[in-house]
Amino acid sequence: MTHEPQRRSGRPRSLWRWVAVRMSMLAVGVVLLIALLMWLRFAMEAYAIERRIPPETLAKIAQLSKSPEENDQALWGYLRQYYKVQDLVPGLVGTDWLIFYGLVLASIPLIVVLGFVASRPLSRQFSIVAATARRVTGGDFSARAELVPGAPLELNRLAEDFNAMCEKLSRYEREVLESSAILAHELRTPLNAAMGRVQGILDGVFAPEAAQLTLIHRQLTQLNRLVSDLHFLSMARAGELRLVHEPFDITELMIERMTWSSLALEEAGMMATLDAAPAIQWHGDRGRIGQVISVLIENALRYAAVGKELLLCLRRTEDALTIDVQDRGPGITPDDLPRAFDRFWRAEHSRGRHSGGSGLGLAIANVIVEAHGGSMAIHNRDGGGLVVSLTLPPTHQRE
């Protein structure tokens, strides 16, 4: 189960502030509680004593208290009548001190209990993340850490980042398990076809003529392209992808790539439209961004030609540069949308290889966009079809 990040209002609760505030509040609360109880003790004792003093004597004491230095003898005379002398003697063993010591001792269990209660969200979030980490260590990449309400923001973010890491591990594991068999098939099919054709020539079944060599070359070309794509993805995953940074007109680039595909679009009966402002300058790898646009156009040709419509939109704001490629094809089921950028995944498994794609196009496009500091998203279009969105920084600079 995936947990969405909690939305919080107000000042972020960092870990040190979270701990400091709670411990400070606990200490201040205990001190105030002891002070309140001592005040109540003095107030009750004073009330009890004042009830035993005659009103006229109480009035006399009040009058003398206005000038205690001048009337100290008279005041001491009254005080000895109604107050306990031992309570007025300086020292650390008087009744008031004994009551104070008792309150401090009684507050210790309270501090311990309140400390456990106050720190419970903190310890519970740590425990949940630790337990989830043990499950992941055991190979259960579907494990997710629950977010504890009231826990420090930094710990909640730790749990969210941990869940995101588990999601990536789960996806990578799925890719490895699924792509291993698919990769063997993708490599074996053209290789077997080429080897079978060569064996047929050697056995005299086929004549060693240009037509036969062309078929062999076509299979080897497909095999070489697949290996190159896999090498490209491996380099990107390893952080070794090298980009050529240069300023260029991205609107002109989109027009160029659409022109390259114009014959295929015409043969498929697709009407391609570009909605973009002229002369939008950007800084990045022109060839790689052009490769992304070509991948998206080819993907629409392969899977959405039935919709007869292809729309490319380019928008630039202060925050981002966005490219939307929209078609009117069959779309993708909601369950499969999160897998659209996985290696070897195809929108239509039934088409297999004869659809012409290896299932690496969107994965390659995604790593190119991420290498430029952007992101890709995919969702079904209202009224049918698919929308693939690229979000790039408004001005990409070389790091």
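Before going into details, it helps to say that this report is about the structure given with it. (Residues numbered from 1 in each chain as written. Predicted model: local features only at pLDDT ≥ 70, side-chain atom pairs only at ≥ 80, totals over all residues. Heavy atoms only, no water.)

**Quick notes on unusual backbone geometry**
For clarity, the threshold we go by: Runs of H or I in DSSP of at least four residues are treated as helices and runs of E of at least two as strands, each being numbered from the N terminus. Each residue is placed in one exposure class: buried if its accessible area under a 1.4 Å probe, protein chains only, is under 20% of its type's maximum, exposed if it is over 50%, and partly exposed if it falls in between.
Backbone geometry at Ala-279 places phi at a positive 55 degrees, although glycine is not the residue there. By the element assignment, Ala-279 lies in the loop between strand S2 (271–275) and strand S3 (281–284). Residue Ala-279 is classed as exposed on the basis of its relative accessible area of 52%. With phi around 60 degrees, Lys-308 is a residue other than glycine that occupies positive phi space. By the element assignment, Lys-308 lies in the loop between helix H10 (286–303) and strand S4 (309–316).

**Focus: the packing of helix H8 (residues 250–260) against H10**
The following threshold applies: Here the axes come from fitting lines to C-alpha atoms, over the contacting stretch only for helices, and the angles between their N-to-C directions go from 0 to 180 degrees. By definition in this entry, angles of less than 35 degrees are roughly parallel, angles greater than 145 are roughly antiparallel, angles of 65 to 115 are roughly perpendicular, and the rest are oblique. In this scheme the crossing of two helices becomes right-handed for a clockwise turn of the near helix relative to the far one and left-handed for an anticlockwise turn of less than a right angle. Every residue pair with non-hydrogen atoms within 4.5 Å of one another is taken to be in contact. Residue polarity follows a fixed list, in which Ala, Val, Leu, Ile, Met, Phe, Trp, Tyr, Cys and Pro are nonpolar, Asp, Glu, Lys and Arg are charged, and the others, Gly among them, are polar.
Between H8 and H10, whose axes approach to 10 Å, the crossing angle comes to 45 degrees. For the element pair H8 / H10, the angle class is oblique. The interaxial crossing formed by H8 with H10 has right-handed handedness. Contact with H8, carried on its side by Ile-250, Leu-253, Met-254, Glu-256, Arg-257 and Met-258, involves Arg-286, Gly-287, Ile-289, Gly-290, Gln-291, Ile-293, Ser-294 and Ile-297 of H10 and no other residues of that element. Its residues placed into classes, the contact of H8 with H10 shows 7 nonpolar, 4 polar and 3 charged.

**What to know about empty space enclosed by the protein**
Any empty space left between the atoms is revealed when a probe the size of a water molecule rolls over them. The condition is simple: A pocket here means an open set of points on a 1 Å grid, computed over the protein atoms alone, that has protein on both sides within 12 Å along at least five of seven lines. A cavity is instead a set of points where a 1.4 Å probe fits but cannot get out; residues with an atom within 4 Å of a point line either one. Grid points are joined across faces, edges and corners, and a volume is the space filled by probe spheres set on the points.
The final tally for this structure, using the stated rule, is 2 cavities of 30 Å³ or more. Of the volumes computed, that of the largest cavity is approximately 40 Å³. Taken together, the elements giving at least two residues each to the lining of the largest cavity come down to H10, strand S5 (321–327) and strand S7 (386–392). If you tally residues by element for the lining of the largest cavity, the top one is H10, at 3 residues. Partitioned by chemical class, the residues of the lining of the largest cavity number 5 nonpolar, 1 polar and 1 charged.

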